[in-house]
Amino acid sequence: MNRTDFHRGRRLRRTPSIRSLVRETRLAPGQLLLPLFVTEGKGVREAVESMPGVERTSTDGLVSDALEARELGVGGVLLFGVPSPSSKDERGTGAWADKGIVQRAVAEIKDRAPDFLV
């Protein structure tokens, strides 16, 4: 592209106040969801090998993680369930079972923080 064919209007970047008004993207913790991985058991906290820094947690630890995220201003949590091998089947019925791992985790978080997005 020829330099004369391209014009960057600098009038919108003249002062910090104007720049803040025309800024395109603003990202805040309240706009984010924290993915959490819940698994069966008590006191379980194990690394997810394929995702460094990510852990599978039992519901007791997961609730404290969710509450900590809420205190930090995170907008909500997104839960991924890891059912026990004995409850897995071909149809994935644990995904909609009343006592499924994700359903229990949602209930426990909502008991402690009813207004938090889960």
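Note that this is a predicted model, so its numbers are computed, not measured. (Residues numbered from 1 in each chain as written. Predicted model: local features only at pLDDT ≥ 70, side-chain atom pairs only at ≥ 80, totals over all residues. Heavy atoms only, no water.)

Asks: Quick question: what am I supposed to make of the packing of aromatic side chains here?
Replies: Each aromatic ring pair is characterised by the separation of its centres together with the angle its planes make. The full count for this structure, using the stated rule, is one aromatic pair. Consider the rings of Phe-37 and Phe-80, whose centres lie 5.1 Å apart with planes at 20°: the pair is stacked. With Phe-37 in strand S1 (residues 33-39) and Phe-80 in strand S4 (residues 76-82), this pair connects stretches of sequence that are 43 residues apart. Among the residues examined, Phe-37 registers a relative accessible area of 16% and is labelled buried. (Phe/Tyr/Trp six-rings, centres within 6.5 Å; stacked < 30°, edge-to-face > 60°. Helix = DSSP H or I, 4+ residues; strand = E, 2+ residues; numbered from the N terminus. Buried < 20%, exposed > 50% of the residue type's maximum accessible area, 1.4 Å probe, protein only.)

Asks: Which parts of the structure should I look at to understand a positive patch on the surface?
Replies: Together, Arg-13, Arg-19, Arg-23 and Arg-26 line one region of the surface with positive charge. With respect to the secondary-structure elements, Arg-19 resides in helix H1 (residues 16-22). (Patch = residues over 30% accessible without salt bridge, like charges linked within 9 Å, V, L, I, M, F, W, Y side chains within 5 Å. Areas by Shrake-Rupley, 256 points an atom, 1.4 Å probe, with all protein chains shown as cover. Salt bridge = Lys/Arg side-chain N within 4 Å of Asp/Glu carboxyl O. Lys, Arg positive; Asp, Glu negative; His and termini not counted. Charge placed at Lys NZ, Arg CZ, Asp CG, Glu CD.)

Asks: Could you clarify how one ought to interpret the layout of surface pockets in this entry?
Replies: When its volume is computed, the largest pocket comes out at roughly 210 Å³. At four residues, helix H3 (residues 101-112) tops the list of elements feeding residues into the lining of the largest pocket. A per-class count over the lining of the largest pocket returns four nonpolar, seven polar and five charged. Of the voids in this model, the second largest pocket is the one considered here, and its volume is about 170 Å³. For the second largest pocket, the full set of lining residues is Leu-34, Pro-35, Leu-36, Phe-37, Arg-45, Gly-53, Val-54, Glu-55, Thr-57 and Asp-65. Residue assignment for the lining of the second largest pocket shows that the elements contributing at least two residues are S1 and strand S3 (55-57). The leading source of residues in the lining of the second largest pocket is S1, at four residues. (1 Å grid on protein atoms, 1.4 Å probe; cavity = no way out; pocket = protein on both sides within 12 Å on 5 of 7 lines; lining within 4 Å. Points joined across faces, edges and corners; volume = space filled by probe spheres on them. Nonpolar A, V, L, I, M, F, W, Y, C, P; charged D, E, K, R; others polar.)

Asks: Teacher, can you tell me more about the environment of Arg-104 here?
Replies: Counting through the fold element by element, Arg-104 comes out in helix H3. Setting aside its immediate chain neighbours within four residues, Arg-104 contacts Glu-40 and Lys-99. In this structure the side chain of Arg-104 is engaged in a polar contact, spanning 2.6 Å, whose partner is the backbone oxygen of Lys-99. (Contact = heavy atoms within 4.5 Å. Polar contact = N/O pair within 3.5 Å; in protein donor to acceptor, adjacent residues only side chain to side chain.)

Asks: Is there a simple way to explain the nonpolar core in this structure?
Replies: Side chains of nonpolar character tend, in soluble globular proteins, to be buried together. Among the nonpolar cores identified, the biggest contains 13 residues, and Leu-36, Leu-62, Ala-66, Val-77, Leu-79, Ile-109 and Phe-116 are the most heavily contacted of them. Once residues lying within four places of it in the same chain are set aside, the contact partners of Ala-66 are Leu-36, Val-77, Ile-109 and Phe-116. (Core = buried A, V, L, I, M, F, W, Y, C linked by side-chain atoms within 4.5 Å.)

Asks: Help me out: how do you make sense of the pattern of salt bridges in this one?
Replies: It is possible for side chains bearing opposite charge to pair when their charged atoms get close. Applying the stated criterion to the full structure yields five salt bridges. The partner of Glu-55 in a salt bridge is Arg-45, and the shortest N-O contact between them spans 2.9 Å. Here the residue Glu-55 occupies a position in strand S3, and Arg-45 occupies one in strand S2 (residues 45-47), the gap between them amounting to 10 residues. Between Glu-46 and Arg-56 there is a salt bridge, with its nearest N and O atoms 3.1 Å apart. With Glu-46 in strand S2 and Arg-56 in strand S3, this pair connects stretches of sequence that are 10 residues apart. Accessibility expressed as a relative area gives 36% for Glu-46, which makes it partly exposed.

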